[in-house]
Amino acid sequence: MELIQNTTDLPAYLTADEVIDHHHPLVRETAARLAKGSVDSYAYARSAFEFVRDEIPHSQDSGDLRVTWRASDVLEQRTGICYAKAHALAALLRAEDIPTALCYQKFDEVHGLVAVRFNGAWHRQDPRGNKPGVDAQFSLDGERLAFTPDPEFNELDYPVLYAEPHPVVLSALKAASDRPHLWQTLPTAL
């Protein structure tokens, strides 16, 4: 699948905003701690990916009812669904000047992940969190995502790489009072 940037402005994939708030002290502190043990940007990206995947539980898997959407809140509260975890990973990567996009897949609901840019190409990564039947890994040599869409069930990979969260996704996150409410309003398409 050919991935398509929603803007040709590569610096847009490094910016901070209210969601991917990589200027926040907690994001900066976490990025600095992860960077200390990394020999290069590739090792840092893998470390940040594994940190978000493994150290921040997916709220559905853990039973946490809180809804987070801002990267710093995900890191502080240590919880989030796929979108929130993607926001946290994007902030950590952008904090270390690694261009990072938000991207999506369509299943029964829309699923969120990220793409990182290395060696002139985008590589999708899924920090959702592993569990039985899900084994997402950081990879620049072929995708190792949590889920693979099945076209027979109208599932698909959206090819667009967004510099900011998709408005439909962000609206659902911001409007949800808790995870059960969010589950009723998750977008089913973009």
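Heads up: these notes are all about the structure in this document. (Residues numbered from 1 in each chain as written. Predicted model: local features only at pLDDT ≥ 70, side-chain atom pairs only at ≥ 80, totals over all residues. Heavy atoms only, no water.)

### Here's the deal with the packing of helix 1 (residues 25–36) against helix 5 (residues 82–95)
Heads up, the condition is: Note on geometry: axes are lines fitted to C-alpha atoms, helical ones only across the stretch in contact, with angles between N-to-C directions running from 0 to 180 degrees. In this description a helix means any DSSP run of H or I spanning at least four residues, a strand means any run of E spanning at least two, and both kinds are numbered starting from the N terminus. To sort the angles, those under 35 degrees are grouped as roughly parallel, those over 145 as roughly antiparallel, those from 65 to 115 as roughly perpendicular, and the leftovers as oblique. Helix crossings get a hand from a simple test, with the near helix turned counterclockwise from the far one by less than a right angle marking a left-handed crossing and a clockwise turn marking a right-handed one. The contact criterion used throughout is that any non-hydrogen atoms of two residues lie within 4.5 Å. Residues are grouped as follows: Ala, Val, Leu, Ile, Met, Phe, Trp, Tyr, Cys and Pro are nonpolar; Asp, Glu, Lys and Arg are charged; all remaining types, including Gly, are polar.
Contact pair helix 1 / helix 5: the axes reach a minimum separation of 9 Å and the direction vectors enclose 65°. By the angle class used here, helix 1 and helix 5 are roughly perpendicular. The hand of the helix 1/helix 5 crossing is right-handed. Taken together, the residues of helix 5 that come into contact with helix 1 (itself represented by Val27, Arg28, Thr30, Ala31 and Leu34) are Ala91, Leu92 and Ala95. Looking at side-chain class alone, the contact of helix 1 with helix 5 contains six nonpolar, one polar and one charged residues.

### Some thoughts on the pairing of strand 2 (residues 100–106)
Keep this limit in mind: For each residue, the accessible area found with a 1.4 Å probe, counting protein chains only, is set against the maximum for its type, and the residue is called buried under 20%, exposed over 50%, and partly exposed in between. One bridge is not enough; two strands pair if DSSP finds at least two bridges between them.
Most of strand 2 sits inside the fold, with seven of its seven residues counted as buried. For strand 2 and strand 3 (residues 110–118), the ladder comprises seven bridges, and the chain directions are antiparallel. Its bridge partner lying in strand 3, Ala101 is registered against Ala115. Hairpin connection, strand 2 to strand 3: the antiparallel pair is bridged by three residues.

### Some details on the pairing of strand 4 (residues 121–125)
Burial of strand 4 is extensive: four of the five residues sit out of reach of the surface. Here five bridges tie strand 3 to strand 4, and the two strands are oriented antiparallel to one another. The residue bridging Phe118 from the neighbouring strand is Ala121, located in strand 4. Turn length for the strand 3-strand 4 hairpin, with the two strands adjacent in sequence and antiparallel, is two residues, and the turn residue Asn119 shows positive phi of about 55°.

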